[in-house]
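Listed here are the chains, written in short residue letters.
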2 protein chains.
Amino acid sequence: MSNFKILEQRILSEGKCLDGGILKVDSFINHQMDPDLMMAIGNEFASRFGNCDYNKIVTIEASGIAPAIALGIATHKPVVFIKKKKPSTMQNMLSTVVHSFTKNADVNICVSKEFLKPTDRVLVIDDFLAVGNTTRGIIDLANQAGCTIAGFGFVIEKVFQKGSEHLLQSGYRVESLVRIASLEANTITMEK
Amino acid sequence: MSNFKILEQRILSEGKCLDGGILKVDSFINHQMDPDLMMAIGNEFASRFGNCDYNKIVTIEASGIAPAIALGIATHKPVVFIKKKKPSTMQNMLSTVVHSFTKNADVNICVSKEFLKPTDRVLVIDDFLAVGNTTRGIIDLANQAGCTIAGFGFVIEKVFQKGSEHLLQSGYRVESLVRIASLEANTITMEK
């Protein structure tokens, strides 16, 4: 599907490229957030997954929460966020290890069994798809829970990091609102 | 102000008390989230702070994000979330240390200077007010930035942990949607 124009324009006007293929969108997506844009993103996910059968939205803290809750507001479906640290009050949790390149560390991600059930069909939402390490961790948690993943929705996909390949090969539906072909020479090139 | 009834009822019916004055609301507030309830919370904050002059909403990851973005959607004001780990891409950041009882650790919290300016009047939103350590950290960051805190809004205040005392003594406005008087004997007692 073609890029979501409102978001594409915003990335082109306010996004910043750093060395090493890093795209900073922290003035409107993942540090400071524009709630009107978030709600537009939520509505766009709702529309793109309108024919998809899911009963729950799953994301991962922290920057996945805003687009996921916006989709939740649009669809009235519950949102579960996977945690990056086990809270002292959490029991019966499922966990796995994910390597984070942004933080240069292995991160233990976890979710309570109570909120991922074998009967759940979940739509996974996150802000970025890069190499796809986080999605592998989420698939692992979903497999442990025995629930079904109905699809993956990303606000921004860095296509050149090929994170969607393993998802598509495994038969998952993937919708990225904006697909970036390249950040070479610190220039944002959108996929045609 | 009296408790926000929709939320009070939900806490009484679905909240769980654990030993040590812990209230679990992770089936609808801070692990699994009910987006309709979150939007009602956002609208209630918007209404309670309707006469308050602020141009920006500030919260802290992760469980503050959903109520803060709901208020942002209701008011069309930008939302900044303070981070608990410095991302490798963040420059010009302000930081301070907060002790987290839930995680039993000192946490470095940080925010980019770019998004907290001396001209900003910020409304601080968080899910819980307990002893108030996090709010002390946020006040420190706001002081470093030179911005003004217009008020504090909490989804749930554990009144018996006295976190609002230092805020009120410093002259801040505090609005908590639900004020819990006690969790003694693992029973939720609302403030009258």
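See the structure printed just above.
Residues numbered from 1 in each chain as written. Chains lettered and ligands numbered in written order. Predicted model: local features only at pLDDT ≥ 70, side-chain atom pairs only at ≥ 80, totals over all residues. Heavy atoms only, no water.

Q: I'd like to hear about the overall build of chain A, residue by residue, with values.
A: On a plain count of helices and strands, chain A comes out with five helices and eleven strands. At 16 Å, chain A has a C-alpha radius of gyration in line with the 16 Å of a compact globule built from 192 residues. Burial analysis of chain A (192 residues in total) assigns 59% to the buried set. Within chain A, contacts between residues at least 6 apart in sequence are counted, and of these 61% link residues at least 24 apart. Accessible surface, chain A: about 7,800 Å² in total, of which carbon and sulfur atoms supply 48%. Charge centroids of chain A, computed over 21 positive and 20 negative side chains, lie 4 Å from each other. (Helix = DSSP H or I, 4+ residues; strand = E, 2+ residues; numbered from the N terminus. Rg over C-alpha atoms; globule rule 2.2 N^0.38 Å. Buried < 20%, exposed > 50% of the residue type's maximum accessible area, 1.4 Å probe, protein only. Contact = heavy atoms within 4.5 Å. Areas by Shrake-Rupley, 256 points an atom, 1.4 Å probe, with all protein chains shown as cover. Lys, Arg positive; Asp, Glu negative; His and termini not counted. Charge placed at Lys NZ, Arg CZ, Asp CG, Glu CD.)

Q: Could you give an account of helix α1 (residues 5–14) of chain A, with specific residues and numbers?
A: Buried within α1(A) are the following residues: A:Leu7, A:Glu8 and A:Ile11. One side of α1(A) holds all its buried residues, which, seen down the axis, span an arc of 100°. (Arc of directions from axis to C-beta.)

Q: Before we move on, could you go through the relation of the copies chain B and chain A and cite the residues and values that matter?
A: When chain B is fitted onto chain A, the two copies agree to an RMSD of 0.0 Å after a turn of 180° and an axial shift of 0.0 Å. Seen this way, the second copy is the image of the first under a two-fold rotation axis. Minimal C-alpha separation from the rotation axis in chain B is found for B:Ala62, amounting to 2.6 Å. (Least-squares fit on C-alpha atoms with pLDDT ≥ 70 in both.)

Q: Could you give an account of the sheet that holds strand β11 (residues 189–190) of chain A, naming the residues involved and the relevant values?
A: Read from one edge of the open sheet, seven strands run β11(A)-β10(A)-β9(A)-β8(A)-β4(A)-β5(A)-β3(B), paired in mixed fashion. A single partner strand is all that each edge strand has here, and the edge strands are β11 of chain A together with β3 (32–33) of chain B. Pairing geometry for strand β5 (residues 79–82) of chain A and β3(B), over two bridges, is antiparallel. Across the sheet, the residue bridging to A:Val80 is B:Gln32, located in β3(B). Contacting β4 (56–60), β5, β8 (121–129) and β9 (148–158) of chain A together with β3 of chain B, helix α3 (residues 65–75) of chain A runs over the sheet at an angle of about 170° to β4(A). Where helix α4 (residues 133–145) of chain A meets the sheet, it contacts β4, β5, β8 and β9 of chain A, and its direction lies at approximately 165° from that of β9(A). (Pairing = 2+ DSSP bridges. Axes fitted to C-alpha atoms, helices over the stretch in contact; angles between N-to-C directions.)

Q: Got a sec to walk through the pairing of strand β10 (residues 174–182) of chain B? Specific residues and values, please.
A: Residue and element names in this part refer to chain B. With seven of nine residues buried, β10 lies mostly within the body of the structure. Strand direction decides the pairing type here: strand β9 (residues 148–158) and β10, joined by six bridges, are parallel. If you follow lysine 158 over to β10, its bridge partner there is isoleucine 180. Here β10 runs beside strand β11 (residues 189–190); their pairing, made up of two bridges, is antiparallel. Each bridged residue has a counterpart across the sheet, and for serine 182 the counterpart in β11 is threonine 189.

Q: Now, about the packing of helix α2 (residues 35–48) of chain A against α3(A): what can you tell me, with residues and values included?
A: Residues and elements named next belong to chain A. Put simply, α2 and α3 touch, their axes get as near as 7 Å, and they point 60° apart. Considered as vectors, α2 and α3 are oriented oblique to each other. Two packed elements cross with a definite hand, and for α2 against α3 that hand is right-handed. Residues Met38, Met39, Ile41, Gly42, Asn43, Phe45 and Ala46 of α2 touch α3, and the partners they reach there are Ala66, Pro67, Ala70, Leu71, Ile73, Ala74 and Thr75. Tallied by class, residues from the contact of α2 with α3 come to eleven nonpolar, three polar and no charged. (Parallel < 35°, antiparallel > 145°, perpendicular 65-115°, else oblique. Left-handed = near helix turned anticlockwise from the far one by under 90°. Nonpolar A, V, L, I, M, F, W, Y, C, P; charged D, E, K, R; others polar.)

Q: Could you give an account of a positive patch on the surface, naming the residues involved and the relevant values?
A: Residues A:Lys84, A:Lys85, A:Lys103, B:Lys84, B:Lys85 and B:Lys103 make up a contiguous surface patch of positive charge. Here A:Lys85 shows up in the loop between β5 and β6 (93–100). (Patch = residues over 30% accessible without salt bridge, like charges linked within 9 Å, V, L, I, M, F, W, Y side chains within 5 Å. Salt bridge = Lys/Arg side-chain N within 4 Å of Asp/Glu carboxyl O.)

Q: Quick one: what's the story with α2(A), residue by residue and with numbers?
A: Residue and element names in this part refer to chain A. For α2, which comprises 14 residues, the first-to-last C-alpha distance of 20 Å matches the rise-based estimate of 20 Å (1.5 Å per residue) to within 8%. Among all positions in α2, only Pro35, Leu37, Met38, Met39, Ile41, Gly42, Glu44, Phe45, Ala46 and Arg48 are buried. Its side-chain oxygen 2.9 Å from the backbone nitrogen of aspartate 36, aspartate 34 forms the N-cap of α2. (Expected span 1.5 Å × (residues − 1). Polar contact = N/O pair within 3.5 Å; in protein donor to acceptor, adjacent residues only side chain to side chain.)

Q: Can you tell me about the packing of aromatic side chains, naming the residues and giving the values?
A: According to the stated counting rule, one finds four aromatic pairs over all chains in the structure shown. Look at B:Phe152 and B:Phe154: their rings are 6.1 Å apart centre to centre, the planes differ by 10°, and that puts the pair in the stacked class. The residues B:Phe152 and B:Phe154 share a single accessibility class, namely buried. One aromatic cluster is present, built from ring pairs that chain together A:Phe152, A:Phe154 and A:Tyr172. A cation over an aromatic ring shows up here: A:Lys77 above the ring of A:Tyr54, its NZ or CZ 4.6 Å from the ring centre. (Phe/Tyr/Trp six-rings, centres within 6.5 Å; stacked < 30°, edge-to-face > 60°. Lys NZ or Arg CZ within 6 Å of the ring centre and 35° of its normal.)

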